[in-house]
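Tertiary structure, described
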Amino acid sequence: MPARNTPERYGYIAQAMHWSIVGLLIVQFTLAIIAEDLPKGLDKLMTLARHKSVGITILSLAILRLAWRFVDRPPPLPPMMRWQAVVARFSHTALYTLLFAMPLTGWMMSSASNYPVSWFGFVQLPDLVAPDPALKEALLEIHHGFSKVLIALAGLHVAAVLKHQFLDRDGLLFRMLPWRR
Ligand code: HEM
Ligand code: HEM
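Notes on the structure in this doc start here. This is a predicted model, so every value here is computed, not measured.

Once that is clear, we can look at the overall build of the chain. Within the chain, the regular secondary structure consists of four helices and two strands. Reading the helices (α) and strands (β) of the chain from amino to carboxyl end gives α-α-α-β-β-α. For the chain, the spread of C-alpha atoms along the principal axes amounts to about 50 × 30 × 25 Å. When burial is assessed residue by residue, the chain has 35% of its 181 residues classed as buried. Put simply, the chain has 18 plus and 11 minus side-chain charges, and the middle of one group is 11 Å from the middle of the other.

Written out as structure tokens, the structure reads:
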């Protein structure tokens, strides 16, 4: 399989980034759910520290992925109705936007609540905003709201992929998988 995209399918660089982000998002939501259920204390802080580090990793991969998309143009969408193509483009753009908006609102929220952000303890990241309890509350609402939108869009995305794969039988899923149909 080629490293770069072809007119028929994604190359392995784009595929590796797509699936690493999917895997990390699953870890990320799991950590958020675990942290939410923990009482205030060291365990909660440690779980949230991991959530922040994984979130910063997702942000870095999203930057790389978007940059790579400009270098290596994606394959054109397979034949579909016009409205479907519009929905597909819109949802891909919204998914990319959320891959930036989720980590950035999380990072800003941590800075606003005067908690430092580090990447697995190796790299200390700068504060994005000054401490501000009211801003922290607003960012928490936004972070929480965006996470719901991300789940809804990911659900729509997976449903669309499965519809193409199993109802239209156009092999769309294989464009993002290393093996051929
Ligand atoms: C794609 C990346 C991310 C996703 C999908 C995500 C998702 C979530 C979710 C679902 C929650 C639970 C929200 C709730 O129901 O109250 C949460 C909480 C939180 N997130 Fe993230 N997050 C991401 C990145 C980040 C980053 C990069 C940081 C900080 C650097 C961060 C900091 C936090 C904090 C501090 C909380 C707990 C807020 C509180 O309860 O006080 N998140 N995140
Ligand atoms: C929440 C997790 C996910 C996110 C954020 C996401 C994001 C994206 C984005 C932004 C694209 C467009 C790629 C581009 O053209 O640059 C894409 C394509 C694709 N995704 Fe996902 N995806 C997720 C989960 C999944 C899952 C679970 C599947 C499998 C069922 C999947 C299958 C695909 C396929 C097959 C394509 C290529 C569509 C085509 O050939 O045009 N994705 N994904």
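Read on for the rest.
Moving on: the site of ligand 1. If you check the shell around ligand 1, you find 23 residues, and the closest are Gln 28, Glu 36, His 51, His 143 and His 144. In this structure, an oxygen atom belonging to ligand 1 sits 3.1 Å away from a side-chain N or O atom of Glu 36. Here a nitrogen atom of ligand 1 and a side-chain polar atom of His 51 are 2.8 Å apart. Contributing elements (two or more residues each) for the shell around ligand 1: helix H1 (12–37), helix H2 (42–71), helix H3 (82–112) and helix H4 (133–168). Split into classes, the residues belonging to the shell around ligand 1 amount to 12 nonpolar, eight polar and three charged.

All right, on to the coordination of the iron atom of ligand 2 then. Coordination of the iron atom of ligand 2 by the protein involves His 18 (NE2) and His 157 (NE2), with metal-donor separations of 2.0 Å. Here the iron atom of ligand 2 binds six donor atoms, and the angle range of 88 to 180 degrees at the metal identifies the geometry as octahedral. Taken together, the residues span a long stretch of sequence, with His 18 in helix H1 and His 157 in helix H4 at a distance of 139 residues.

Inspection of the secondary structure puts Leu 61 in helix H2. Residues Leu 61 and Gln 15, 46 residues apart in the sequence, show an inter-C-alpha distance of 12 Å. Once residues lying within four places of it in the same chain are set aside, the contact partners of Leu 61 are Met 17, Ser 20, Ile 21 and Leu 24.

What counts, and at which threshold
Residues numbered from 1 in each chain as written. Chains lettered and ligands numbered in written order. Predicted model: local features only at pLDDT ≥ 70, side-chain atom pairs only at ≥ 80, totals over all residues. Heavy atoms only, no water. Helix = DSSP H or I, 4+ residues; strand = E, 2+ residues; numbered from the N terminus. Buried < 20%, exposed > 50% of the residue type's maximum accessible area, 1.4 Å probe, protein only. Lys, Arg positive; Asp, Glu negative; His and termini not counted. Charge placed at Lys NZ, Arg CZ, Asp CG, Glu CD. Near = heavy atom within 4 Å. Polar contact = N/O pair within 3.5 Å; in protein donor to acceptor, adjacent residues only side chain to side chain. Nonpolar A, V, L, I, M, F, W, Y, C, P; charged D, E, K, R; others polar. Donors = N, O, S within 2.8 Å, 3.2 Å for Na, K, Ca; no water. Tetrahedral: all angles 85-135°; square planar, octahedral: opposite > 155°, others 65-115°. Contact = heavy atoms within 4.5 Å.

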